[in-house]
Structures are given as C-alpha cells and as structure tokens.
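# Commentary on secondary and tertiary structure
Single-letter residue listing:
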Amino acid sequence: PFVLSPSPAVTSPCKILKCNSEFWAATSGSHHLGAEEAPEFCTALRAYAHCTRRTARTCRGDLAYHSAVHGIDDLMVQHNCSKDGPTSQPRLRTLPPGDSQERSDSPEICHYEKSFHKHSAAPNYTHCGLFGDPHLRTFTDTFQTCKVQGAWPLIDNNYLNVQVTNTPVLPGSSATATSKLTIIFKSFQECVDQKVYQAEMDELPAAFVDGSKNGGDKHGANSLKITEKVSGQHIEIQAKYIGTTIVVRQVGRYLTFAVRMPEEVVNAVEDRDSQGLYLCLRGCPLNQQIDFQAIRSAQATEGRARRKGPSLPAPPEAFTYETATAKCREKLPVEDLYFQSCVFDLLTTGDVNFMLAAYYAFEDVKMLHSNKDKLHLYERTRVLTPGNTAPRGTHPALWVALLCLCWLCLL
C-alpha cells in the first residue's frame, strides 16, 4: 500500500492540494498499521474521496487530481474498504524520530544500475529537453519548435508523469514559454512513496510539495532525492530507482526542463495508444509545430532589404537579425539548432534571457546525453554557402549525372 503525498493545483480554484494534505495528515504512518486498524484507514480514504468529489468541477483538467482519484480507487481495493461509511477529521502529521530524509541505505532494487548483473548489457540512456519558445528535443533526438500553449504532457509512463504549462511571453504574442512544471513520481515497491514536485515562474523550490527532499518513509527513500544547485535557479532530481536524472532551471522568468532516462523506462507505458500525447517520445503534433528555420530565413532577408532602403518599418523587437546572431554567438559558437533557436527567440521576444536558456539547455545536453557524438543537432538540409551554390537554372540531377560521368571517365 502507498500513501498519496500532497499534490499541486494546476489552476488556483482547484483545491486538490488541500484534499491531499488532509489525507496525508490523517494517515501519517498508516501504511504500517496492523489489520485491526484498517477501519481507521478506510475512514480516512472515504473522507479523501469526498473531498475530491467536492473539487471535481474546478480540477477537471488537473493531472494531479486525476492521479489522486485513481490512487483512491486502488487503495480502496487494497484495503477492502467500503465506499459507504463514516469519514474522519484530519489529524496533524508527526514525523518519526530521526526523519527518514536522513537515511542513506537503500535496497538493491532501488538502484537501477546496481540491479543489473555484471554480465548484463549496460542500459541505454536517452535524453529529452524543453526550453525557450519552446524548443523540444525528443528522446529520439528530433528537434522541434512548437506552439503548445496551455498544459501538455512531456512524459507519461508507469513511473512518472511530467506536465508543462506554456503561456504567451507577451499579451497577444504567438511566442510562448514554460511557466509551470509538475512532476509526479509514482509510488514504487519498497523504494519511494508517491511524490509531487511543482515549479512556477519566480518559484523554483528545492523540495517536493509536502516539504520533503526525498522519497518518503520507505526503506529506499534516498533513491529519490532533490538537490539545489543554485538557489532559485537550478535544481536536480535524482531518481536512482529508475536510473533517471531531471534538471529544472529558471532562466529569467521561465523554466527549462531536461531529463536523462533509460530506454526501458521511457517505453514503460501500459496503454500504447496514449503515447501520442507523450511529447518527449512522439514530439509535438504537426499542427503545433513551427518551421522556425523558414521564419529565420525570412527575417534575415527582411534585414538585408531594410539596409537597402528606409521603406520598411523597424521591428518592435530589441534585436535585428545581425545583432541577435552576434549575441547568440557569445555563448553558442557552434551554429547548430541550439544557436538557431537562440536567434529565433531573441527576434521573437527581444529578451536576452532566451539566449541564456538555449545556452543552459545545451549545457544540460552535454551533461545528460549518453552519446557525445550527438550533442550538436543540425538542420537536415543545409543552406549552401555562396561559393558552393550551383548556377541558376541548372537542375541538381544534372550535376549528379555529370559527376558520375566524370568518375566513369577516370576509371
């Protein structure tokens, strides 16, 4: 059996946090209760279910709310609880002597890499990241720029859920960025209780929403741990029981996300049909994708036209194509997709913090990606430099044929 920890409200009217907190307080230590005390636990469960029903209307789109509802049903079955009966008043939760957050021992099952035998092949790790306007690098190293305004699931598998909320950078602007992040670590065997982490603009906590910094009261609690790297700017979550590392940053007002995860965990999804909503695995829907390379080319062309004459009005952004390129080159000397994303974001937002977001996103790739040959990503069709362009009017197929003919002549 597991105990649901307090989880966040995605929208302010949703009171799921209050329901979860009351249940957590009422059942403190109840996963150690003997059979004779099971009625007390069932009473608390019914109170919990009643509370969630009261807030159902305002929590309809809340990921944590739906997780709580399913968790209640599971606990009801596990404890043979009747849905009809008395409910309880919550009592204050008291931590046991010597908070379990100080535990350093963990069973082998709570360490993903140690659970592999020496003769077994090492697990394959993958990376996913989200940053900027926003730009998505999937587990398959596909790079996309997306609209995805509102709440979207990044990861949804048997072990954890990650949901991001993207909001317009400026009123009426098509540019969006991540303003809220919710991560739910599901209860796992003897390792961790269910834990929820939430970050928002100007609030990057170094603890789960219940105030703890590890996986709870179970024996392998420290196989899930939060570490604050830079106060209010950079946290790291180690989930050793699933071999996963998550990095969350606040850059300027907005959030970035990066994860390193074994392929086995990535693909641990019961309902394969629902994977289409799993952005880190499937990418953004086609109708949500933006061809920022085409926009970038148009912006560069417009910049050249503007230099030839004063007829075009000045852009509202603080950067021209040339100044944005120069600024991004300060932190990103390689002109890969991270560099191009930086230029795009400076032109669309005028906010220099988006340059830093691209820089830190690439720094996280260097730390988390298992294949160092795939750190840089480039567009599939490179624009030829002026010295390498074919004469106008010449079909590329003709040039290929001529090259083949020359090669045959040499033979």
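This section reports on the structure supplied with the text. Each chain has its residues counted from 1, running along the sequence as written. Owing to the predicted nature of the model, reporting of local features is limited to residues with pLDDT of at least 70; listing and counting of side-chain atom pairs is limited to 80 or more, with chain, interface and lining totals taken over all residues. Note: side-chain values were computed over all heavy atoms of the structure, leaving out hydrogens and water.

### Considering the sheet that holds strand β11 (residues 254-262)
Defined as follows: DSSP calls a pair of strands paired once it identifies at least 2 bridges connecting them. In this description a helix means any DSSP run of H or I spanning at least four residues, a strand means any run of E spanning at least two, and both kinds are numbered starting from the N terminus. Residue contacts follow a heavy-atom distance rule, with two residues in contact if any of their heavy atoms lie within 4.5 Å. Structural elements are reduced to axes, namely lines fitted to C-alpha atoms, with helices fitted over the stretch in contact, and the angle between N-to-C directions of any two is expressed from 0 to 180 degrees.
Across the sheet, which stays open at both edges, the eight strands sit in the order β8-β9-β10-β11-β1-β2-β3-β12 with antiparallel pairing between neighbours. Among the strands making up the open sheet, the edge pair consists of β8 (224-230) and β12 (289-290). Pairing of strand β1 (residues 125-131) with β11, which is carried by six bridges, proceeds in the antiparallel orientation. From the neighbouring strand, C128 faces β11, where its bridge partner is V259. Helix-sheet contacts for helix α9 (residues 353-368) involve β1, β2 (135-137), β9 (234-239), β10 (244-251) and β11, and the interaxial angle to β10 is about 165 degrees.

### Some thoughts on helix α3 (residues 63-78)
The following threshold applies: Every helix has an expected span of 1.5 Å times one less than the residues it contains.
Helix length check: α3 (16 residues) gives 23 Å between terminal C-alpha atoms against 22 Å at 1.5 Å per residue, within 8%. Looking at the residues trailing α3, positive phi occurs at N80, about 55 degrees.

### Describing the packing of helix α8 (residues 337-349) against α9
Test applied: Reported orientations rely on four angle classes, namely roughly parallel under 35 degrees, roughly antiparallel over 145, roughly perpendicular from 65 to 115, and oblique for the rest. Note on convention: the crossing is left-handed when the near helix lies turned anticlockwise from the far helix by less than a right angle, right-handed when the turn is clockwise. Asp, Glu, Lys and Arg are counted as charged, while Ala, Val, Leu, Ile, Met, Phe, Trp, Tyr, Cys and Pro are counted as nonpolar; the rest, among them Gly, fall into the polar class.
Where α8 meets α9, the closest approach of the two axes is 8 Å, and the angle between their N-to-C directions is 160 degrees. Judged by the inter-axis angle, α8 sits roughly antiparallel to α9. Between α8 and α9 the crossing geometry is right-handed. Counting all contacts with α8, which are made through Y338, C342, D345, L346 and T349, the residues of α9 involved are F354, M355, A358, A361, F362 and V365. Here the residues of the contact of α8 with α9 sort into nine nonpolar, one polar and one charged.

### Some details on the sheet that holds strand β4 (residues 150-156)
Here we have four strands laid out as an open sheet, ordered β4-β5-β6-β7, and antiparallel in their pairing. The sheet is open, and its two borders are formed by β4 and β7 (195-200), each paired with just one other strand. Taken over all neighbouring pairs, the strand axes of this sheet differ in orientation by 20 degrees on average, direction set aside. Pairing of strand β5 (residues 160-168) with strand β6 (residues 176-185) involves nine bridges; the strand directions are antiparallel. Each bridged residue has a counterpart across the sheet, and for N161 the counterpart in β6 is I184.

### Things to note about the side chain of T349
Using the following cut-off: Burial classes follow relative accessibility: with a 1.4 Å probe on protein chains only, a residue under 20% of its type's maximum area counts as buried, one over 50% as exposed, and anything between as partly exposed. Polar contacts, as used here, are pairs of N or O atoms within 3.5 Å; protein pairs need one atom able to donate a hydrogen and one able to accept it. Residues neighboring in sequence count only if both atoms are side-chain atoms.
Along the chain, the position of T349 falls in helix α8. T349 gets classed as buried once you look at its relative accessible area, which sits at 13%. Within the structure, the side chain of T349 is placed 2.6 Å from the backbone oxygen of D345, a separation counted as a polar contact. Within the structure, the side chain of T349 is placed 3.1 Å from the backbone nitrogen of D351, a separation counted as a polar contact. Residues within four places of T349 in sequence aside, it is in contact with V169, A175 and F354.

### A closer look at unusual backbone geometry
Outside of glycine, negative phi angles account for most residues, and trans bonds account for most peptide bonds. Residues D133 and P134 are joined by a peptide bond in cis, for which omega reads -25 degrees. Here P134 shows up in the loop between β1 and β2. The phi angle at D141 is positive, at roughly 65 degrees, despite the residue not being glycine. You can see D141 is positioned in the loop between β2 and β3 (143-146). Residues other than glycine seldom take positive phi values, yet Q189 does so here, at roughly 45 degrees. Here Q189 lies in the loop between β6 and β7. On the basis of relative accessibility, which here comes to 48%, the residue Q189 falls in the partly exposed class.

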